[in-house]
Amino acid sequence: MSHGGSDSLLCEPNVSEGRDPARIEAIAESVRTVSSIQLLHCSADPDHNRMVLAYRGPADAVVEATCRLAWKAFEILDLREHEGQHPRVGVLDVVPFVAATRAENQVALAACRAFGARVGDAGVPVFYYEDAATGEHRRALPTIRSGGSDGLEARMKQQAWAPDEGPPALHPSAGAVITGARRPLVRFNVNLANPDPEVARNIAKSIRESSGGLPAVRALGIALPRRGISQVTINLTDYSATPLADVYHAIATGATAANAEVIGTEMIGPVPRAALLGLPSEVLDSIDDEQVLA
């Protein structure tokens, strides 16, 4: 299915809740209450204990829907009670406003700052990242989220790590929110039969850019104990720099070398059609048509 247009903006919030069906539905419903918003995707994973939504609409409506989502998350979730495999700094962990073109980027920047200001006014600290970042040292999402909420809380004692909006300390139950404007991101997981995550961690280290691997690749190896497997979880920040097919091939090759079996893949959230070129049929078959953007 194709979605787009210069009069619409895409937002892909990540919420720290992936286990309670009632809470998951309440958060999704908060977005649906804005009539001009099209909810494209909502998925949740109990091991990560995280849900990802994607919705599109006029910029003002997207800001309103994202604020309603934030207020609901702040109301029903508590970071002090959260545990899961995915790193996080808040119950509404990261809110990217996604720009497919340079022209859209200004719209995305304005939207993220309008949203950030409202969250800060509500008493939750906000950090801007990627194209909205106010300092190069906090441009990359993994840098802000390093060490989770405890790591961020420690850094916030330094002047260079003061929040961009809101109070100078983490909110007791909501934590912090990271929001920004970025280009389309491919979020892709490869599952391995091994319950021990050591192979997944070694593969992740070998392919991620920060360890000398593939350009634009961020990767972690984690255990998924509820499923009895492990996973290489990927954020591909620029699929024109490194095709997703190359990332998958590198993971599969590493798994074969370690006598580990690839048992499936998962695409999280929307993915541009152009990013899928060259992927084998078994990977393409795992992606829902509704996730594919023109």
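Here the structure is shown first, and the text comes after it.
Reference entry: report on the structure contained in this document. (Residues numbered from 1 in each chain as written. Predicted model: local features only at pLDDT ≥ 70, side-chain atom pairs only at ≥ 80, totals over all residues. Heavy atoms only, no water.)

Pairing is antiparallel in the open sheet, where four strands are placed in the order β9-β10-β8-β11. Because the sheet does not close on itself, it has two edges, and the strands there are β9 (217-224) and β11 (262-268). Ignoring strand direction, the axes of neighbouring strands in this sheet form an average angle of 20 degrees. Both strand β8 (residues 186-192) and strand β10 (residues 229-236) contribute to a ladder of seven bridges, which runs antiparallel. (Pairing = 2+ DSSP bridges. Helix = DSSP H or I, 4+ residues; strand = E, 2+ residues; numbered from the N terminus. Axes fitted to C-alpha atoms, helices over the stretch in contact; angles between N-to-C directions.)

By size, the foremost hydrophobic cluster in this structure holds 41 residues, and its most contacted members are F97 and F115. It is helix α2 (residues 59-76) that contributes the most residues to this core, nine residues altogether. What F115 contacts, discounting residues up to four positions off in sequence, is V63, T66, C67, A70, L92, V95, F97, V177 and T179. A245, A255, A275 and V292 belong to the second-largest nonpolar core, a separate cluster that totals 30 residues. (Core = buried A, V, L, I, M, F, W, Y, C linked by side-chain atoms within 4.5 Å. Buried < 20%, exposed > 50% of the residue type's maximum accessible area, 1.4 Å probe, protein only. Contact = heavy atoms within 4.5 Å.)

Further remarks concern the environment of A103. As for its position among the elements, A103 is in helix α3 (residues 102-121). Expressed as a C-alpha distance, the spacing of A103 and I287, which sit 184 residues apart in the sequence, is 29 Å.

A word on the packing of helix α1 (residues 21-32) against α2. As a packed pair, α1 and α2 sit with axes 7 Å apart at the nearest point and diverge in direction by 155 degrees. Taken together, the axes of α1 and α2 are roughly antiparallel relative to one another. As α1 runs across α2, the sense of the crossing is right-handed. Seen from α1, the contacting residues are R23, A26, I27, S30 and V31; seen from α2, they are A65, R68, L69, K72 and I76. Here the contact of α1 with α2 is composed, by residue class, of six nonpolar, one polar and three charged. (Parallel < 35°, antiparallel > 145°, perpendicular 65-115°, else oblique. Left-handed = near helix turned anticlockwise from the far one by under 90°. Nonpolar A, V, L, I, M, F, W, Y, C, P; charged D, E, K, R; others polar.)

The final tally for this structure, using the stated rule, is four aromatic pairs. Between F127 and W161, the aromatic rings sit 6.4 Å apart at their centres with planes inclined by 50 degrees, giving tilted as the arrangement. Taken together, the residues span a long stretch of sequence, with F127 in strand β6 (residues 126-130) and W161 in the loop between α5 (148-155) and β7 (177-182) at a distance of 34 residues. Summarising the burial analysis for this pair, F127 and W161 share the class buried. Over the ring of Y128 we find R113, and its NZ or CZ is 5.9 Å from the ring centre. Lying across the ring of W161, R155 places its NZ or CZ 5.1 Å from the centre. (Phe/Tyr/Trp six-rings, centres within 6.5 Å; stacked < 30°, edge-to-face > 60°. Lys NZ or Arg CZ within 6 Å of the ring centre and 35° of its normal.)

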